[in-house]
Amino acid sequence: MTQTAAEDDARRRDAEDPGHRELFHVPPAEGGDYPQTAYLAGNSLGLQPRAVRGELLEELDAWARFGVEGHLEAERPWLPYHELLREPAARLVGGLPGETVVMNSLTVNLHLLMVSFYRPAGARTLIVVEDTAFPSDSYAVRSQAAFHGLDPDETVVRTTDPLAAIRAHGDRIALVLLGGVNYLTGELLDIPAITAAGQAAGAVVGWDLAHAAGNVPLRLHEWNVDFAAWCSYKYLNSGPGALAGAFVHERHTGAALPRFEGWWSTEPATRFEMAPVSRPPRTADAWQVSNPPILAMSPVRTSLALFDAVGMPALRARSERLTGYLEGLLDPIGVEVVTPRDPARRGCQLSLRVPDAGGLSKALRHRHGVITDSREPDIVRLAPVPLYSTYHDCWRAAAAIAHEVGS
Ligand SMILES: *Cc1c(COP(=O)(O)O)cnc(C)c1O
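In every chain, residue numbers begin from 1 and rise along the written sequence. Where totals are concerned, whole chains, interfaces and linings use all residues; where local detail is concerned, this predicted model gives features only for residues with pLDDT of at least 70, and gives and counts side-chain atom pairs only at 80 or more. Think of the side-chain values as coming from all heavy atoms in the structure, minus any hydrogens and water.

A. Representation of the pairing of strand E7 (residues 173-179). A large share of E7 lies buried, amounting to 7 of its 7 residues. Should DSSP find at least two bridges between two strands, the strands are taken to pair. Helix numbering and strand numbering both begin at the N terminus, where a helix is a DSSP run of H or I of at least 4 residues and a strand a DSSP run of E of at least 2. Two elements, strand E5 (residues 126-130) and E7, share 3 bridges in a ladder whose sense is parallel. Looking at E7, one finds that Val 128 is bridged to Val 176. Looking down the strands as they point away from you, a crossover is right-handed if its path from the first strand over the helix to the second goes clockwise. Crossover handedness for the path E7 to helix H9 (residues 191-200) to strand E8 (residues 204-208): right-handed. Relative accessible area decides the class of each residue, using a 1.4 Å probe on protein chains only: under 20% of the type maximum gives buried, over 50% gives exposed, and in between gives partly exposed.

B. Region of interest: the domain arrangement of the chain. In this entry, domain limits derive from an automatic or database-based domain assignment. The domain architecture assigned to the chain consists of domain 1 (3-50 + 311-406) and domain 2 (80-309). In this structure, domain 1 and domain 2 have C-alpha centres spaced 29 Å apart. Each of two parts loses accessible area, computed with a 1.4 Å probe, when they are put together; buried area is these two losses added. Roughly 2100 Å² of surface becomes buried between domain 1 and domain 2 when both sides are summed, with 61% attributable to carbon and sulfur atoms. The term salt bridge refers to a pairing of a side-chain nitrogen on Lys or Arg with a carboxyl oxygen on Asp or Glu at a separation within 4 Å. Where domain 1 packs against domain 2, one counts 1 salt bridge. Here Glu 187 ties to Arg 345 by a salt bridge, and the two come within 2.8 Å at their closest N and O atoms. Throughout this description, a polar contact denotes any pair of N or O atoms lying within 3.5 Å of each other; where both atoms belong to protein, one of them has to be capable of donating a hydrogen while the other can accept it, and for residues adjacent in sequence the pair is counted only when both atoms sit in side chains. At the boundary of domain 1 and domain 2, one finds 11 residue pairs in polar contact (both at pLDDT 80 or more). Within the residue set of the side of domain 1 that touches domain 2, elements represented by two or more residues are helix H12 (312-330) and strand E15 (379-382).

C. Quick look at the packing of aromatic side chains. Any Phe, Tyr or Trp ring, taking Trp's six-membered ring, that has another such ring centre within 6.5 Å forms a pair; planes under 30 degrees apart are called stacked, those over 60 apart edge-to-face, and the others tilted. The final tally for this structure, using the stated rule, is 8 aromatic pairs. Ring centres 5.0 Å apart and planes at 85 degrees place the aromatic pair Phe 134 and Tyr 183 in the edge-to-face group. Note that Phe 134 is positioned in the loop between E5 and helix H6 (135-147) and Tyr 183 in the loop between E7 and H9, a separation of 49 residues in sequence. By relative accessible area, Tyr 183 is classed as buried at 13%. Ring geometry for Tyr 325 and Tyr 391: centres 5.1 Å apart, planes at 70 degrees, overall edge-to-face. Taken together, the residues Tyr 325 in helix H12 and Tyr 391 in helix H14 (residues 391-405) connect sequence positions 66 residues apart. Pair check on accessibility: Tyr 325 and Tyr 391 agree, each one buried. Among the aromatic residues, those joined into a cluster by ring pairs are Phe 24, Tyr 39 and Tyr 388. Two thresholds decide whether a charge sits over a ring: the Lys NZ or Arg CZ must be within 6 Å of the ring centre and within 35 degrees of the ring normal. The ring of Trp 287 carries Arg 259 above its face, with NZ or CZ at 4.7 Å from the centroid.

D. A look at the site of the ligand. With respect to spatial proximity, the complete set of residues near the ligand consists of Leu 106, Thr 107, Phe 134, Asp 137, Asp 208, Ala 210, His 211, Tyr 233 and Lys 234. Within the side chain of Thr 107, a nitrogen or oxygen atom sits 2.6 Å from an oxygen atom of the ligand. Here His 211 contributes a side-chain N or O atom positioned 3.0 Å from an oxygen atom of the ligand. Nonpolar residues are Ala, Val, Leu, Ile, Met, Phe, Trp, Tyr, Cys and Pro. Charged residues are Asp, Glu, Lys and Arg, and all others, Gly as well, are polar. A class-by-class count of the residues in the shell around the ligand yields 4 nonpolar, 2 polar and 3 charged. Definition of nearness: a residue and a molecule or strand are near each other if at least one heavy atom of the residue lies within 4 Å of the molecule or strand.

E. Structural context of the state of the cysteines. Pairs of cysteine sulfur atoms within 2.5 Å are identified as disulfides in what follows. According to the stated counting rule, one finds 0 disulfides in the structure shown. Take Cys 231: it sits in no disulfide, and the sulfur closest to it among the cysteines is that of Cys 348, at 13 Å. Judged by its relative accessible area of 2%, Cys 231 is buried. A disulfide-free cysteine, Cys 394 has its sulfur positioned 9.7 Å from the sulfur of Cys 348, the nearest such atom.

F. Quick peek at the environment of Leu 177. Along the chain, the position of Leu 177 falls in strand E7. The class of Leu 177 is buried, set by a relative accessible area of 2%. Ignoring any residue separated from it by four or fewer positions in sequence, one finds Leu 177 in contact with Leu 110, Met 114, Val 128, Val 129, Glu 130, Val 141, Gly 206, Trp 207, Asp 208 and Phe 227. Contacts are assigned to residue pairs with any non-hydrogen atoms lying within 4.5 Å of each other.

G. Seen up close, the pairing of E5. Counting buried positions over the 5 residues of E5 gives 5, a clear majority of the element. Of the two faces of E5, the one holding Leu 126, Val 128 and Glu 130 and the one holding Ile 127 and Val 129 are both buried throughout. Pairing analysis gives 4 bridges linking E5 to strand E6 (residues 156-159), with the strands arranged parallel. Paired with Ile 127 across the two strands is Val 156, which belongs to E6.

H. Broad picture of the sheet that holds strand E12 (residues 350-353). Spatially, 4 strands are ordered E11-E12-E15-E14 in an open sheet, and the strand pairing comes out antiparallel. Two strands close off the open sheet at either side, each with one partner strand: strand E11 (336-337) and strand E14 (373-375). Note: E14 against E15, 3 bridges, orientation antiparallel. Each residue of the ladder has a partner; that of Arg 375, found in E15, is Ile 379. Where helices are involved, their axes are fitted lines through C-alpha atoms of the stretch in contact, as for all axes, and angles between N-to-C directions lie from 0 to 180°. Most of the contacts of H12 go to E12, to which it runs at about 20 degrees, and overall it touches E12 and E15.

Rendered as structure tokens:
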């Protein structure tokens, strides 16, 4: 196909299979032939939904109008505000409402959950993580090991094959903590199989869903996942540093587990009794500590409503079409794609191995208006996000990559 025919083909696909780009602010391009960027970095920071600003202003107005009385009298009262997010978050990850809570940021939630779920005892002390664990997760598990007086180098097992590591270390494993979709390679792990294998070995199995939430369908309750956490600024488009989510399986929500508590860990009905001892609810809300930041919750609420409106099944279907299309354009260029080829084993991210990842990502941005990101030393990540990316974005990215590195 000539370049023009290929571009026409991309535009035809967009007409037949449109996403929801009109609901988002797409950054303007600094370079290249088009006014908007081809934004393929939604795996790093999702775009701003247009509805965020107006709904955030409503919360600011409520604060201006009601002051402290807004806790009860605002149109969306602040006291129970986090409850507005519970059901949409639960639908997104396939949890029961009582298993899900939006709070804090991701690594903070991992720590709060590990306080309850990483309980080394006797010979069972090991934590299994993936070889390419995100640095924050690696620091978190190592510091948890040290917190328990263990040597992190001997406690944290990094593996490229979680099932093999579970077989090899079996009854010495206290916790398996893995990324559902790997941040670097984009690989989607078999969450139910690994969860079942870890639990059969007697371990607790938790998942970091930073790159999975809003990207792939999840059924955390059905898969019997012990706990999970995710952030909301990647595929969930809730803004830089947005509030994170946490899931605790209902098998554990009423159990007597060690936990770090604060006044938001107690039953709402008892919160203002100012009693010295908490009465935690039998839900994931018990893991909350502080009163939540309403202005930060507002964009999460707006964004989750979009996921409810469009639905993960439709998003996943478009995701597979869009990612497959991009893959088909990249193959003839001859760049190495390190993400699995099987659509069932990946989300919407394709990771390329290239000699100068940082240089390529910069060139794509400044010469072509194509936004990607790079991870040292040799990976460039491209994420056609089914909510707002287009076939034309994919075509632009592939044409730009061909121009920069192509044969
Ligand atoms: C994005 C990401 C983080 C970031 O952690 P924060 O606490 O939100 O700063 C952590 N872990 C993984 C796997 C990630 O992809």
